[in-house]
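One letter stands for each residue in the lines below.
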Amino acid sequence: MEGGTTPSIGLLKVIKSQITIPVFVMIRSRGGDFCYNDLEMEVMKEDLLALKRAGADGFVFGVLTQDGEVNAAACQSLLDIARPCPVTFHRAIDMARDIYLSLTTVINLGFDRVLSSGGYNSALEGCNILQAMVQQTQGVKTIVVPGGGIKIDNLEQILLKSQAKEFHGSARRVIDSVMKFRKCNLTMGSQPDIEFITKVTSTEDVSKMLSIYNSLYAN
């Protein structure tokens, strides 16, 4: 609901024990904006260091200034800890004042990837901007990765229109709780009606997305 925050070390270790592909970890101490105070930055640095030691293969983060620009100094302080692991600048760029100027800063900082919806609520809406961002990164190492509302039924359109060679999607489905006893009129958080559902990545949907991707880029 918050667009992703830092996972626990336990979660990383269990995931790493189950799969062999690289696991990138988001470094984001809270939901909300991407302008962090000194204490929040210290939390993210400590999280990054601990998760790196725990086996994270890469990291995903982004910091903005109060004026909506990429906070180069703050990002560099995190990059210094993260290296030599690959690093992605996340959708904080979509909240920036000038997405193209921000992309230039991200490129200059040496980020390996940038995750973006093109400054819109979804990658489908932002396809034209994403295409321009892909063109802006021609000849540099930074890769533009469309993300935001990507589903089986719009993936091909987004890839073709944006000309992106990678994508990010949760392939998420909502499943019902296994609880038989369900206490009504009580919630453990601020969002109602979420105690008895779980959102999980669907293996079937991941396979379908990969099939669509491979049909376009297999050769």
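Described in the following lines is the structure provided in the data block. Computed from a prediction, not measured in an experiment: that's the story for all the values here.

**Here we look at the sheet that holds strand S1 (residues 24–26)**
Pairing between the strands of a sheet comes from backbone hydrogen bonds, and it takes one of two forms, parallel or antiparallel.
Logical step 1: Reading across from one edge, S1-S2-S3-S4-S5 is the order of the five strands in this open sheet, with parallel pairing throughout. On the outer flanks of this sheet lie S1 and strand S5 (143–146), each paired with one strand and no other. Strand-to-strand twist across the sheet, computed as the mean angle between neighbouring axes with direction ignored, equals 25 degrees.
Logical step 2: With three bridges joining them, strand S2 (residues 58–61) and strand S3 (residues 87–89) adopt parallel strand pairing. Residue pairing for S3: Val 60 is matched across the bridge by Thr 88.

**Section: the packing of helix H5 (residues 127–136) against helix H6 (residues 155–162)**
Logical step 1: Interhelical geometry of H5 versus H6 gives an angle of 45 degrees and a closest axis separation of 8 Å. Classified by the interaxial angle, the pair formed by H5 and H6 is oblique. On H6, the residues that touch Cys 127, Asn 128, Leu 130, Gln 131 and Val 134 of H5 are Ile 158, Lys 161 and Ser 162.
Logical step 2: Here the residues of the contact of H5 with H6 are counted per class, giving four nonpolar, three polar and one charged.

**Concerning the environment of Met 133**
Logical step 1: Mapped onto the fold, Met 133 is located in helix H5.
Logical step 2: Met 133 sits in the buried class, given a relative accessible area of 0%.
Logical step 3: Not counting residues up to four positions away in its chain, the partners in contact with Met 133 are Ile 93, Ile 99, Tyr 100, Leu 103, Ser 116, Gly 118 and Val 144.

**Points about the packing of aromatic side chains**
Logical step 1: In total, this model carries four aromatic pairs according to the counting rule given.
Logical step 2: With a centroid separation of 6.0 Å and an interplanar angle of 40 degrees, the aromatic rings of Phe 167 and Tyr 213 are classed as tilted. Placement of Phe 167 in the loop between H6 and strand S6 (172–176) and of Tyr 213 in helix H7 (residues 203–217) is noted, with a sequence separation of 46 residues between them.
Logical step 3: An aromatic cluster is present here, built from Phe 61, Phe 89 and Phe 111 joined pairwise through their rings.

**A few points about the nonpolar core**
Logical step 1: In terms of nonpolar packing, the biggest core is built from 48 residues, with Ile 27, Phe 59, Phe 61, Phe 89, Ile 93 and Phe 111 touching the most fellow members.
Logical step 2: Those elements that place two or more of their residues in this core are helix H2 (38–53), S2, helix H3 (72–82), S3, helix H4 (99–109), H5, H6 and H7.
Logical step 3: Discounting chain neighbours no more than four positions away, the residues touching Phe 59 are Phe 24, Val 25, Ile 27, Leu 48, Leu 51, Lys 52, Ala 82, Cys 85, Pro 86, Val 87 and Thr 88.

Parameters at a glance
- Residues numbered from 1 in each chain as written.
- Predicted model: local features only at pLDDT ≥ 70, side-chain atom pairs only at ≥ 80, totals over all residues.
- Heavy atoms only, no water.
- Pairing = 2+ DSSP bridges.
- Helix = DSSP H or I, 4+ residues; strand = E, 2+ residues; numbered from the N terminus.
- Axes fitted to C-alpha atoms, helices over the stretch in contact; angles between N-to-C directions.
- Parallel < 35°, antiparallel > 145°, perpendicular 65-115°, else oblique.
- Contact = heavy atoms within 4.5 Å.
- Nonpolar A, V, L, I, M, F, W, Y, C, P; charged D, E, K, R; others polar.
- Buried < 20%, exposed > 50% of the residue type's maximum accessible area, 1.4 Å probe, protein only.
- Phe/Tyr/Trp six-rings, centres within 6.5 Å; stacked < 30°, edge-to-face > 60°.
- Core = buried A, V, L, I, M, F, W, Y, C linked by side-chain atoms within 4.5 Å.

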